Amino acid sequence: MSTAVIEVENLHVRYGDFHAVDDLSFQVRRGELYALLGTNGAGKTSTLEVIEGHRPAASGTVRVFGRRPDDRGAVRPRMGIMLQESGFSPDLTVTESVRLIGTLTRRQDDAGRVLGVAGLTHKAGTLVSQLSGGEKRRLDFATAIYGGPELVILDEPTTGLDIQSRDALWAAVDRLREEGSTVVLTTHYLEEAQQRADRIGLMHQGTFHREGTVVELTQTLPSLIGFTLPPGAPEPPLGAGVAADGAVLVETFDLQGDLHRLLGWAHDAGVDLRELKAGPTSLDDVFRAIERG
Ligand SMILES: Nc1ncnc2c1ncn2[C@@H]1O[C@H](COP(=O)(O)OP(=O)(O)OP(=O)(O)O)[C@@H](O)[C@H]1O
């Protein structure tokens, strides 16, 4: 039996003549957190919309739980969706909105429980039109996790959320995953994906630039050591160039060894390395490398 919850094969999405998604193939395995990342306009939302059954593919095959995404009766009860923009009726209350999604998706849950998880208990009787932007986002999340679906799709879930709400959202996602749910995430907060994703599909101009674990995506790029030298300092080791303001940036595939050499040199020469920073490549660096081409 396939362990794939989502199977995308040679997907194309077009808007008129424009190819927003261009021959994209990937699978999301049961129980994993898969992050679909990419630059603005890369085609992430278009891809998710096909998976969600909201948009037809121009060509290619998409299966969710082995079914076509537009087989709503089979798929929707098992899939919770947090869209980028909510479409709730402004004259329903928070509780009514959550229950409505329960009815539409045929999932069962206790609205009070879900609002508690989403931090909205105090707004249970409030009209949607009277919610703040962050509260609407929490309501979107509440409806996505209503009934503890096997698959949860989160399209930029933490945009507009304060730090406490973000922490609460990720704690709720962690609990869902402990219960076996599969999660697909898009986000522009790369550190969120870096910390949580089992695998990442990195989209650029409608297709994958790379796919893999965080380690697989970052290990092909060098680590960085950065510092600023005081005026009059001797020439530093590691073949590092010094900018006019004394700033030095060293790329290295031997972070520990080069850091050891640098600190030994600074100690012996009595040089104060200001604003010293050293670390492995982050996803931000991978993105910058893609944009540089
Ligand atoms: N309804 C539409 N009509 C025409 N073009 C569209 C439509 N929706 C999206 N596009 C275009 O398709 C491309 C992919 O858009 P999409 O929303 O899938 O990207 P994204 O990766 O989710 O971007 P972002 O990170 O900015 O949300 C963009 O160039 C966008 O302008």
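The model shown is predicted, which means the values in this text are computed figures rather than measured ones. (Residues numbered from 1 in each chain as written. Predicted model: local features only at pLDDT ≥ 70, side-chain atom pairs only at ≥ 80, totals over all residues.)

1. Observations concerning the site of the ligand
Okay, step 1: Around the ligand, the surrounding shell consists of Tyr-15, Phe-18, Ala-20, Gly-38, Asn-40, Gly-41, Ala-42, Gly-43, Lys-44, Thr-45 and Ser-46.
Okay, step 2: For the shell around the ligand, the secondary structure elements donating two or more residues are strand S2 (18-29) and helix H1 (44-51).
Okay, step 3: When residues in the shell around the ligand are grouped by element, the largest group, 3 residues, is from H1.
Okay, step 4: When grouped by side-chain class, the residues that make up the shell around the ligand number 4 nonpolar, 6 polar and 1 charged. (Near = placed C-beta within 6 Å. Helix = DSSP H or I, 4+ residues; strand = E, 2+ residues; numbered from the N terminus. Nonpolar A, V, L, I, M, F, W, Y, C, P; charged D, E, K, R; others polar.)

2. A short note on the domain arrangement of the chain
Okay, step 1: Per the domain assignment, the segments making up the chain are domain 1 (4-218) and domain 2 (223-292).
Okay, step 2: Centre-to-centre, using C-alpha coordinates, domain 1 lies 40 Å away from domain 2.
Okay, step 3: Across the contact, 9 residues belong to domain 1 and 9 residues belong to domain 2. (Domains from an automatic or database assignment. Contact = placed C-beta atoms within 7 Å.)

3. With respect to the environment of Leu-176
Okay, step 1: Here Leu-176 lies in helix H6 (residues 163-178).
Okay, step 2: The residues touching Leu-176, leaving out its near neighbours within four places in the chain, are Ile-145, Gly-148, Val-152 and Ser-181.

4. Section: the sheet that holds strand S9 (residues 207-212)
Okay, step 1: Read from one edge to the other, the open sheet built from 6 strands follows the order S5-S6-S7-S3-S8-S9, with strand pairing classed as mixed. The open sheet terminates on both sides in strands that have one partner only, identified here as strand S5 (79-82) and S9. On average, adjacent strands in this sheet sit at an angle of 15° to one another, irrespective of strand direction.
Okay, step 2: Pairing between strand S6 (residues 151-155) and strand S7 (residues 182-186): 5 bridges, direction parallel. (Pairing = 2+ DSSP bridges. Axes fitted to C-alpha atoms, helices over the stretch in contact; angles between N-to-C directions.)

5. Thoughts on the sheet that holds strand S1 (residues 4-15)
Okay, step 1: Taken in spatial order, the 3 strands of this open sheet run S2-S1-S4, and their pairing is antiparallel. The open sheet has two free edges, formed respectively by S2 and strand S4 (59-64), since each of these has just one partner strand. Pairs of neighbouring strands in the sheet enclose a mean axial angle of 15°, with direction left out of account.
Okay, step 2: Here 5 bridges tie S1 to S4, and the two strands are oriented antiparallel to one another. From the neighbouring strand, Ile-6 faces S4, where its bridge partner is Val-64.
Okay, step 3: Across the face of the sheet, H1 comes into contact with S1, S2 and S4 while running at roughly 120° to S1.

6. What about the pairing of S6?
Okay, step 1: Among the 5 residues of S6, 5 are classified as buried, and the element is accordingly described as predominantly covered.
Okay, step 2: Covered by surrounding structure in S6 are Leu-151, Ile-153 and Asp-155 together with Val-152 and Leu-154, the residues of both alternating faces.
Okay, step 3: Looking at chain direction, S5 and S6 are connected through 4 bridges and run parallel. Residue pairing in the sheet places Gly-80 in a bridge with Val-152 of S6. (Buried ≥ 20, exposed ≤ 12 C-beta atoms within 10 Å, placed from the backbone.)

7. Brief notes about the environment of His-209
Okay, step 1: Summarising the element assignment, His-209 is placed in strand S9.
Okay, step 2: Between the alpha carbons of His-209 and Gly-38 there is a distance of 9.0 Å; along the sequence they are 171 residues apart.
Okay, step 3: Discounting residues that sit within four places of it in the chain, His-209 has contacts with Leu-202, Met-203, His-204 and Ile-290.

8. Brief notes about the packing of helix H5 (residues 133-145) against H6
Okay, step 1: The contact between H5 and H6 brings their axes to 12 Å, and the two run at 5°. Considered as vectors, H5 and H6 are oriented roughly parallel to each other. The segment H5 lies against H6, with Gly-134, Arg-138, Phe-141 and Ile-145 engaging Ser-165, Leu-169, Ala-172 and Leu-176.
Okay, step 2: Here the contact of H5 with H6 is built from residues that sort into 5 nonpolar, 2 polar and 1 charged. (Parallel < 35°, antiparallel > 145°, perpendicular 65-115°, else oblique.)

9. Focus on unusual backbone geometry
Okay, step 1: The phi dihedral of Asp-23 is positive, around 60°, even though this residue is not glycine.
Okay, step 2: With respect to the helices and strands, Asp-23 occurs in strand S2.
Okay, step 3: Accessibility expressed as a C-beta count within 10 Å gives 14 for Asp-23, which makes it partly exposed.
Okay, step 4: Even without glycine at this site, Arg-106 takes up a positive phi of about 60°.
Okay, step 5: Tracing the backbone shows Arg-106 in the loop between helix H3 (94-105) and helix H4 (111-117).

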